[in-house]
Each structure stands twice: as C-alpha cells, then as structure tokens.
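Structural overview
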Amino acid sequence: ARAQAMQVDHSPNVVYEDIGGLDEQIREVREAVEEPLINAEQFREVGIDPPSGVLLHGPPGTGKTMLAKAVANETDATFIKMAGSELVRKFIGEGARLVRDLFELASEREPAIIFIDEIDAIAAKRTESKTSGDAEVQRTMMQLLSEMDGFEDRGEIRIIAATNRFDMLDRAILRPGRFDRLIEVAKPDAEGRERILEIHTKDLNLAEELDLAAIAAETEDFSGAELASLTTEAGMFAIRDGRTEVRMADFEDAREKVTEEEGSETGPIAFY
Ligand code: ATP
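Every chain begins its residue count from 1, and numbering advances along the sequence as written. Per-residue local features are limited, in this predicted model, to residues with pLDDT of at least 70; the limit for side-chain atom pairs, both in listing and counting, is 80 or more; totals at the level of whole chains, interfaces and linings are taken over all residues. The side-chain figures draw on all heavy atoms in the structure; neither hydrogens nor water molecules are used.

1. Comments concerning the overall build of the protein chain
Note the threshold: Note on conventions: DSSP H or I runs of at least 4 residues are helices, E runs of at least 2 residues are strands, and numbering of each starts at the N terminus. Whether two residues touch is decided by their heavy atoms; if any such pair falls within 4.5 Å, the residues are in contact. Where accessible areas are quoted, they stem from the Shrake-Rupley method and a 1.4 Å probe; at the residue level, only the protein chains shown are allowed to cover.
Looking only at helices and strands, one finds 11 helices and 6 strands in the protein chain. Along the first, second and third principal axes, the C-alpha atoms of the protein chain reach 60 × 45 × 30 Å. For the protein chain, the share of sequence-separated contacts (at least 6 apart) that also reach a separation of at least 24 residues comes to 77%. When the accessible area of the protein chain is evaluated, it comes to approximately 13,300 Å², of which 46% is carbon and sulfur surface.

2. Here we look at the UniProt feature "binding site: ATP" (unreviewed entry) in the protein chain
To keep it simple, the criterion reads: UniProt positions are given in the numbering used here, feature names are shortened, and annotations may be inferred rather than shown by experiment. For every residue, the accessible area (1.4 Å probe, protein chains only) is compared with the maximum for its type, and the residue is labelled buried under 20%, exposed over 50%, or partly exposed between those bounds.
UniProt records the feature "binding site: ATP" (unreviewed entry) at Gly61, Thr62, Gly63, Lys64, Thr65, Met66 and His200, using the numbering of this structure. With respect to the helices and strands, Gly61 occurs in the loop between β2 (53-57) and α4 (64-74). By relative accessible area, Gly61 is classed as partly exposed at 32%. Those residues within four positions of Gly61 in sequence are excluded, and the remaining contacts are Ser223, Gly224 and Ala225.

3. Overview of the packing of aromatic side chains
Put simply, the test is: Two rings from Phe, Tyr or Trp (for Trp, the six-membered ring) form a pair when their centres are within 6.5 Å of each other. A pair whose planes differ by under 30 degrees is stacked, one over 60 is edge-to-face, and the rest are tilted. Criterion for a charge above a ring: Lys NZ or Arg CZ within 6 Å of the ring centre, and within 35 degrees of the ring normal.
One pass over the structure, following the stated rule, counts 1 aromatic pair. Residues Phe79 and Phe115 carry aromatic rings whose centres are separated by 5.8 Å and whose planes lie at 25 degrees to one another, so their mutual orientation is stacked. One end of the pair, Phe79, is in strand β3 (residues 78-83); the other, Phe115, is in strand β4 (residues 112-117), with 36 residues separating them in the sequence. Phe115 matches Phe79 in its accessibility class, with the two residues each being buried. The cationic tip of Arg171 hangs over the ring face of Phe166; the distance from NZ or CZ to the ring centre is 5.1 Å. Here the guanidinium or amino end of Arg240 rests over the ring plane of Phe237, the centre of that ring lying 4.7 Å away.

Quick look at the structure:
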C-alpha cells in the first residue's frame, strides 16, 4: 500500500521556465523552500527558523504541483507526493500509518520535498465536511500535525501542501511551525495566459498568422491546465484537417471544445 499511496520521483523534470505567469509565486517558493535547503548553514548562523510548511492554495490546474516539482528539481531533492483524497478514499484505516511512512521515507531519502495534494481531504474543519468528522480522518490529520511538530530535527525535509478549498481548512494546520507560509496561486491574467501559451506551443508548428496574445485575450478564466489542453486540442484539429500547421481557426475550435468540456457558461468567441 505504501508504494501505491506515494509517488516518488527523484529530481522531477519540471523547471521554473516551464511555469508561466507565476513569477512572484516562484520567488516566494524559492525563498521559503529552496534557500533554507541550499543554505541551511547560513540560516543556522543567522539564527532564524525557515518556514516549516508551505501551503499553495488556488483553483485546480494552476501550477501548484509544477511549483513543488520544480523546487525538488532545483534542489536535487526527492519528490514524494501523496494525495489527501486517496488517503481518505483508497486507504481507509491506514491513513495515520501512511503519514508516518511518508515522513520516514522522506528522512531516508533526504533532501526531500513532501508534497501533499488536496490536503483539505484530511484537514477540513469538522463542520465543513462529512468525512472530517470521521474518527479515521481525524487520526490521519493528528498524525500529520505531530509529524510536523517534531519537524525541527528532521534535517533536509521540506513539506509543501496544496488545496483548492482554502476556506475549508482546519485552522490548526496553519499555526506557526506547521503550514506557516501561505502562497496563493490564482488563475493567470492575460499576460500570464500568453506566457503559458508560449510555453505550451514551443514545439508546435504554428502558422504565421498565429497570435498568442489574441488567444490569451479570449481565454479569460482559463487555468494553465485548460490552456495546455487547448493547445493539444488545437493540434488535433489541424491533424483532423490533414494539415501539419496549426492555425487560429484550430484554436477557436479547440476553445469551443474545451469550454464545453469544462461545462463553462461562456459561449464560443472568435479570437479575431
Ligand atoms: P490541482 O489543484 O488540480 O492538483 P495544480 O494546480 O497542481 O492542479 P498542475 O498539476 O501543476 O496544477 O498543472 C497541471 C498541468 O497544467 C501542468 O502539467 C501543465 O501542463 C499545465 N499548467 C498548469 N499551470 C501552468 C502554468 N502556470 N504554466 C504552465 N503550465 C501550466
């Protein structure tokens, strides 16, 4: 079960340049996670404690997992991911033990970044969720808190958690010494969307007419993940049409398709 519940990856292949529109968030993550790992000695000499845990919060598909992976890559750390929702759904009765295993594995593989996705599944306010009243979920959360409280002597392990439901979180996990650095990862603005489109079309055979700024302007409310699938879909439309070059019209068709799939209210809009 341990192997299934945790995804382990040494220096995952995401770099900061792969992440669009999150320059400020990258700066904050580097300061909170990367610096203390790389300059542990300096932090000790100055006499300040680095942030214990970093919480990334914001809508789905905005790059939270990418940020955590990029830090692990940059620091040459082992990336160990666990999904809160899986702990609750798939590993009933094993949550607390798996959390203990998670920290044990991290200390065997340090430097390590522990990434807990969907932390709200194990750390929701009791009133907000049916499952959090569950004694088992409570035990899992208590185990996480006790692991974090005993964190100081844990050496080169950093913990990053992510949630789409910040409002639902039990405030106990935000206390000093726990997840005491909050970083908001919002949906990208037009400039961020253009940058994300640049990243995802890097290897695409784009027609001369292609205007990424125009596409960015017409994809309001798209997350990074939606822009990534928009790009893939646009390529698919070109292929269906027997072309090797991707045109504006392909992005329009793709936008309609992605918007429909997301069940969004926004109707099709032409890019130009
Ligand atoms: P969730 O909350 O659903 O777990 P997330 O915020 O962790 O989502 P990621 O898993 O990091 O999102 O992103 C999913 C995919 O979307 C990435 O692999 C990437 O292709 C694309 N993506 C998302 N955000 C960005 C971004 N800011 N820049 C470039 N690509 C992005």
